[in-house]
Amino acid sequence: MTTMRAQRSATGATSAAKGAVLVAERVEMTFVSPDSSLEALAEATVALAPNEFVSIIGPSGCGKSTLLRILAGLVRPTGGRVLLHGQPLTHPHRQIGVVFQHANLMPWRSALRNVTLPLEIQGIAADIAERRGREMLELVGLADFADALPRDLSGGMRQRVALARALVHDPEVLLLDEPFGALDALTRERMNWELLRIWEARRKTVLMVTHDIQEAIFTSDRVLVMTARPGHIRAEVAIDLPRPRSPEDLYSPRFMELSHTLRDLLR
Ligand SMILES: Nc1ncnc2c1ncn2[C@@H]1O[C@H](COP(=O)(O)OP(=O)(O)OP(=O)(O)O)[C@@H](O)[C@H]1O
Ligand SMILES: [Mg+2]
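Reading guide: rules and limits
- Residues numbered from 1 in each chain as written.
- Chains lettered and ligands numbered in written order.
- Predicted model: local features only at pLDDT ≥ 70, side-chain atom pairs only at ≥ 80, totals over all residues.
- Helix = DSSP H or I, 4+ residues; strand = E, 2+ residues; numbered from the N terminus.
- Rg over C-alpha atoms; globule rule 2.2 N^0.38 Å.
- Buried ≥ 20, exposed ≤ 12 C-beta atoms within 10 Å, placed from the backbone.
- Contact = placed C-beta atoms within 7 Å.
- Near = placed C-beta within 6 Å.
- Nonpolar A, V, L, I, M, F, W, Y, C, P; charged D, E, K, R; others polar.
- Pairing = 2+ DSSP bridges.
- Axes fitted to C-alpha atoms, helices over the stretch in contact; angles between N-to-C directions.
- Expected span 1.5 Å × (residues − 1).
- Core = buried A, V, L, I, M, F, W, Y, C linked by C-beta atoms within 7 Å.

Enquirer: Outline the overall build of the protein chain, listing residues and values.
Expert: Summing up its helical and strand segments, the protein chain has nine helices and eleven strands in all. Relative to the 2.2 N^0.38 estimate, which gives 18 Å for 267 residues, the radius of gyration of the protein chain is 18 Å and therefore close to what a compact globule would have. For the protein chain, the residues scored as buried account for 37% of the 267 residues in total. For the protein chain, the share of sequence-separated contacts (at least 6 apart) that also reach a separation of at least 24 residues comes to 70%.

Enquirer: Requested: an account of unusual backbone geometry, with residues and values cited.
Expert: Note that the residue after Arg229, namely Pro230, is joined by a cis bond; omega there is -5°. Within the secondary structure layout, Pro230 lies in the loop between strand E10 (222-226) and strand E11 (233-238). In this model, Arg243 is joined to Pro244 through a cis peptide bond whose omega is -5°. Within the fold, Pro244 resides in the loop between E11 and helix H9 (253-266). A positive phi angle, close to 50°, is found at Glu43, a residue other than glycine. Among the secondary structure elements, Glu43 is positioned in strand E3 (residues 36-48). In the Ramachandran plot, His85 falls in the positive-phi region, its phi being about 50° despite a non-glycine side chain. Following the sequence through the fold, His85 ends up in the loop between strand E5 (79-84) and strand E6 (87-88). For His85, a count of 14 C-beta atoms within 10 Å gives the class partly exposed.

Enquirer: Report on the site of ligand 1, specifying residues and quantitative values.
Expert: Around ligand 1, the neighbouring residues are Phe31, Leu38, Ala40, Gly58, Ser60, Gly61, Cys62, Gly63, Lys64, Ser65, Thr66 and Arg229. Elements that contribute at least two residues to the shell around ligand 1 include exactly E3 and helix H2 (64-71). Considered class by class, the residues forming the shell around ligand 1 number four nonpolar, six polar and two charged.

Enquirer: With reference to specific residues and values, describe the sheet that holds E6.
Expert: Pairing is antiparallel across the open sheet formed by four strands, whose spatial order is E3-E2-E5-E6. Two strands bound the open sheet, and with one partner strand each, they are E3 and E6. Here strand E2 (residues 22-33) runs beside E5; their pairing, made up of five bridges, is antiparallel. Counterpart to Ala24 in the pairing with E5 is Val82. Across the sheet, H2 touches E2, E3 and E5, and the angle it forms with E2 is around 120°.

Enquirer: Describe helix H6 (residues 155-167), and please don't skip the residues or the numbers.
Expert: For H6, built from 13 residues, the straight-helix expectation of 18 Å at 1.5 Å per residue is met to within 8% by its first-to-last C-alpha distance of 18 Å. Among the 13 residues that make up H6, ten are buried, leaving the element largely enclosed by the rest of the structure. Where H6 is buried, its residues touch strand E7 (96-99), helix H3 (111-115), helix H4 (117-121), helix H5 (126-139), strand E8 (173-177) and helix H7 (185-202).

Enquirer: I'd like a description of the pairing of E3, backed by residues and values.
Expert: With nine bridges connecting them, E2 and E3 associate as antiparallel partners. Bridge pairing in E3 links Ala24 to Val46.

Enquirer: Can you tell me about the nonpolar core, naming the residues and giving the values?
Expert: A general trend in soluble globular proteins is that nonpolar side chains are found buried together. Judged by nonpolar contacts, the single largest core of 65 residues is most densely connected at Ala24, Leu71, Ala164, Leu175 and Val223. Excluding residues within four positions of it along the chain, Leu71 makes contact with Leu22, Ala24, Val82, Leu175 and Leu207.

Enquirer: Tell me about the pairing of E10, residues and numbers included.
Expert: Counting buried positions along E10 yields four of five residues, so the element is predominantly enclosed. Bridge analysis of strand E4 (residues 53-57) against E10 gives four bridges, and the strand direction is parallel. Its bridge partner being in E10, Ile56 is matched across the sheet by Leu224. Relative to E11, E10 runs antiparallel, the two being bridged by five bridges. Note on E11: the bridge partner recorded for Val225 is Ala235. Hairpin remark: E10 followed by E11, antiparallel, with six residues in the connecting loop.

Structure below.
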């Protein structure tokens, strides 16, 4: 049996948002240039409950990255609003860590010094920042690579450094934009596994944008499906696979069934 429901009505979404950590409420985004305007998002509503792992899938260009940037407080929507614990969010907040599709590391800084950068900017004492940075590198399995420069790390390792950097403030919310999109299938599976391990150890609220249905099902409590642009959430599929997940889940009949449901919704 498939658990699927359409997006709640706007009012329903608002009441469901009570107790939510982070909410995008009927968010709209229109990009205006001198000779054209482009409607990227139309009344997109997302509410993340504490410790939930939610994924968003949708066609290319439907506004997923735009929605994630709005939820991160990096971009102001042209309509609707974002609430962090019920308070309007208008700027990046240290309770929200973000990982983009490309690691965006500083090429001249070591892995450790990339991870400690947000703490340095904040004026945290160097010895405390270093201790914290090393802890984070250990968490993502890179303790032995603290002094390596980004160019000497593999793509998967660079993404792990970016993840460690996003986690260094111990944010409550982690927003991930196709963090493993550029990796080969096996490395990606391993990274999903690592991400779940970190999520289980640190109990974060996670929202991950992905193109990969398997990755979305394997990691998430719920998968949100977006429409083509202007994007909004057209359906939500509850992932009722037991936790902790195991690589064997990928071959279970229920996993296949959920994959079919999501594939049909994306068509
Ligand atoms: N800063 C911007 N100025 C103008 N248009 C933009 C801007 N950012 C995004 N867009 C447009 O908004 C639409 C949604 O873009 P967005 O990057 O959010 O899509 P996406 O769903 O993340 O796509 P993909 O799956 O390919 O990453 C696209 O048509 C894009 O061209
Ligand atoms: Mg994108």
